[in-house]
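# Structural overview
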Amino acid sequence: MNETPSRILVVDDEPSITEFVGYALKKEGFQPDVVDNGEDALAMAQENDYDLFVLDIMLPGMDGYELCRRLRTKTSAPVLFLSARDTELDKVVGLEIGGDDYLAKPFGVRELIARVRALLRRILIRFRLFLDLRLQRLLLDCNLFLLQLNLTLLLCNIRVGGCHLDRLTLLL
């Protein structure tokens with residue numbers, strides 16, 4: 001399998017953090033992009049297909065919470081909050097509005113990388129459905145991202161026009 005590096009967008013207004021996090025991610029084989037505000041991050045997310053977002057909360061203009069809310073309307077890619085705000089309430093709010101994990105600053109690089117890998121392991125299948133009305137068919141464009149997982153069984157049930165296709169039929 002020709003695995004491409006996971007694309008990660010890092011959003012933080014502190015240059016020392018973005019430089020450190022970007023370097024650490026690149027060293028571990030990821031492909032990070034870095035921006036320093038929510039508006040640019042949203043534009044980057046619309047132009048690129050990211051596998052993961054690392055967001056600070058206290059950003060100029062649009063804060064990380066609002067950025068996460070807007071990202072959730074466009075993508076299901078995991079969001080890791082990385083913030084100096086470390087109260088339980090801050091963490092709960094971040095997770096409740098759509099974040100998948102939360103790491104308080106200061107943090108260790110090994111923990112950051114471990115959390116990034118854990119979030120990316122959860123991505124098993126990304127797919128797009130295309131409806132071709134002219135030919136009356138539904139096309140599934142599917143990319144499997146295994147990322148160190150052993151895929152032992154993929155169960156799939158599809159209902160098309162009232163017909164139920166079982167797993168054996170799908171495998172044929």
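Residues numbered from 1 in each chain as written. Predicted model: local features only at pLDDT ≥ 70, side-chain atom pairs only at ≥ 80, totals over all residues. Heavy atoms only, no water.

### Some points on the overall build of the protein
- A tally of regular secondary structure across the protein gives six helices and nine strands.
- When the 172 residues of the protein are sorted by exposure, 37% land in the buried category.
- Nonlocal contacts in the protein, meaning residues at least 24 apart in sequence, comprise 53% of its contacts between residues at least 6 apart. (Helix = DSSP H or I, 4+ residues; strand = E, 2+ residues; numbered from the N terminus. Buried < 20%, exposed > 50% of the residue type's maximum accessible area, 1.4 Å probe, protein only. Contact = heavy atoms within 4.5 Å.)

### Re the environment of valine 21
- On the secondary structure map, valine 21 appears in helix 1 (residues 15-27).
- For the pair formed by valine 21 and proline 32, sequence separation is 11 residues and the distance between their alpha carbons is 8.7 Å.
- Non-local contacts of valine 21, meaning those with residues more than four positions away in its chain, are made with Val10, Leu82, Phe107 and Leu112.

### A look at the packing of aromatic side chains
- Under the criterion given, the structure shown has four aromatic pairs.
- Taking the centre distance of 6.0 Å and the plane angle of 45° together, the rings of phenylalanine 20 and phenylalanine 107 count as tilted. Of the two residues, phenylalanine 20 sits in helix 1 while phenylalanine 107 sits in the loop between strand 5 (101-104) and helix 5 (109-121), which places them 87 residues apart along the sequence.
- We classify phenylalanine 20 as partly exposed; its relative accessible area is 37%.
- Grouped by ring-pair contacts, the aromatic residues Tyr65, Phe81 and Tyr102 constitute a single cluster. (Phe/Tyr/Trp six-rings, centres within 6.5 Å; stacked < 30°, edge-to-face > 60°.)

### Observations concerning the pairing of strand 2 (residues 31-35)
- The sheet contact formed by strand 1 (residues 7-11) and strand 2 spans five bridges and is parallel. Looking at the pairing, valine 10 lines up with valine 34 of strand 2.
- Traced from strand 1 through helix 1 to strand 2, the parallel crossover comes out right-handed. (Pairing = 2+ DSSP bridges. Right-handed = clockwise from strand over helix to strand, strands pointing away.)

### Concerning the environment of phenylalanine 30
- Along the chain, phenylalanine 30 turns up in the loop between helix 1 and strand 2.
- The spacing of phenylalanine 30 and arginine 117 is 87 residues in sequence and 10.0 Å in space, taken between C-alpha atoms.
- Look past the residues within four positions of phenylalanine 30 in its chain and what remains in contact with it is Pro5, Ser6, Ile8, Leu25, Val116, Arg117 and Leu120.

### Some thoughts on the packing of helix 2 (residues 38-47) against helix 3 (residues 64-72)
- Relative to each other, helix 2 and helix 3 sit at 15°, their axes nearing to 10 Å. Judged on the interaxial angle alone, helix 3 and helix 2 are roughly parallel. Between helix 2 and helix 3 the crossing geometry is right-handed. Along its contact with helix 2, which presents Gly38, Ala41, Leu42 and Ala45, the element helix 3 presents Leu67, Arg70 and Leu71.
- Considered class by class, the residues forming the contact of helix 2 with helix 3 number five nonpolar, one polar and one charged. (Axes fitted to C-alpha atoms, helices over the stretch in contact; angles between N-to-C directions. Parallel < 35°, antiparallel > 145°, perpendicular 65-115°, else oblique. Left-handed = near helix turned anticlockwise from the far one by under 90°. Nonpolar A, V, L, I, M, F, W, Y, C, P; charged D, E, K, R; others polar.)

### Quick notes on the nonpolar core
- Counting 21 residues, the largest nonpolar core has Leu9, Val11, Phe53, Leu55, Leu67, Leu71 and Phe81 as its most contacted members.
- When contributions to this core are tallied by element, the ones reaching two or more residues are strand 1, helix 2, strand 3 (52-55), helix 3 and strand 4 (79-83).
- Among the elements that take part in this core, helix 3 stands out by supplying four residues, more than any other.
- Contact partners of valine 11, with chain neighbours within four places excluded, come to Val35, Asn37, Gly38, Ala41, Val54, Leu55, Asp56, Leu59 and Leu67.
- Counting residues in hydrophobic clusters, the runner-up holds 18 residues, among them Ile17, Val21, Phe30 and Val116. (Core = buried A, V, L, I, M, F, W, Y, C linked by side-chain atoms within 4.5 Å.)

### Brief notes about unusual backbone geometry
- Here the residue pair lysine 105 and proline 106 is connected by a cis peptide bond, since its omega of -5° sits within 30 degrees of zero.
- Residue position: proline 106 is located in the loop between strand 5 and helix 5.

### With respect to the side chain of aspartate 101
- Its place among the elements puts aspartate 101 in strand 5.
- Excluding anything up to four places from it in sequence, aspartate 101 contacts Val79, Leu80, Phe81, Leu95, Arg115 and Leu119.

Keep in mind these values describe shape, not function.
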